Amino acid sequence: MLHTVKQGETLYQISQDYRTPLSVIISANPTINPNIIYPGQTIVIPGFPQPETIPYQIEVSVNNRTLRLLKDGVVQKQYPIAVGSILHGTPVGNFIIINKAPNPGGPFGTMWMSLSKEHYGIHGTNDPSSIGKAVSRGCIRMYNKDVEELASIVPIGTSVIIHP
């Protein structure tokens, strides 16, 4: 897949976000200078499909506290979510799902789906009363049954667009 460099990003941080070794990213991009990257530059991230080859897309509205699943641009389902608190806001931007982990334990409920931003994901919860509130550390919380359903539908590489 291709990643477009954003202001302030480093190649090291990009490798962390995608959980892909820096050496692998450098090898996949032989024409770039790893010490000088710039906003707008595209970098190949090996091992992930291009999001446009996947019919599904996830759209998250932080303000409305909703997550919508789209297939070929048509809304299939909408779910209630919890989002980041004032101190730990949910990141806004375009990401992909890079892995899935059933039964991660603790506050993450019965499913965890990592986003291509280190430390952030879409996950279940051990506190269903938090859904609909701004209480997380920036992650997107869902009811366990909802996140399990979503994870069973969307593949790795699915685009996740988070907006205010």
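In this report, we go over the structure that sits alongside the text. The structure displayed is predicted, hence computed values, not measured ones. (Residues numbered from 1 in each chain as written. Predicted model: local features only at pLDDT ≥ 70, side-chain atom pairs only at ≥ 80, totals over all residues. Heavy atoms only, no water.)

1. Overview of the environment of Thr 20
The test is simple: Helix and strand assignments follow DSSP, with helices taken as H or I runs no shorter than four residues and strands as E runs no shorter than two, numbered in order from the N terminus. Throughout, exposure labels follow a simple rule: accessible area from a 1.4 Å probe, protein chains only, divided by the maximum for the residue type, with under 20% read as buried, over 50% as exposed, and the rest as partly exposed. In what follows, residue pairs with any heavy atoms lying within 4.5 Å of each other are defined as contacts. A 3.5 Å cut-off defines polar contacts: any pair of N or O atoms within that distance qualifies, except that in protein one atom must be a possible hydrogen donor and the other a possible acceptor, and neighbouring residues in sequence count only when both atoms are side-chain atoms.
Within the secondary structure, Thr 20 sits in the loop between helix H1 (11-17) and helix H2 (22-28). For Thr 20, a relative accessible area of 9% translates into the label buried. Here the alpha-carbon distance between Thr 20 and Val 135, two residues 115 residues apart in the chain, equals 30 Å. If we skip the residues at most four places from it in the chain, Thr 20 touches Ser 15, Ile 25, Ile 45 and Phe 48. Separated by 3.0 Å, the side chain of Thr 20 and the backbone oxygen of Tyr 18 make a polar contact.

2. Let's talk about unusual backbone geometry
Phi is positive for Asp 72, close to 50°, though the residue is something other than glycine. Inspection of the secondary structure puts Asp 72 in the loop between strand E4 (66-71) and strand E5 (74-80). For His 119, which is not glycine, the phi torsion reads 80° and is therefore positive. Within the secondary structure, His 119 is located in the loop between strand E8 (111-115) and strand E9 (121-123).

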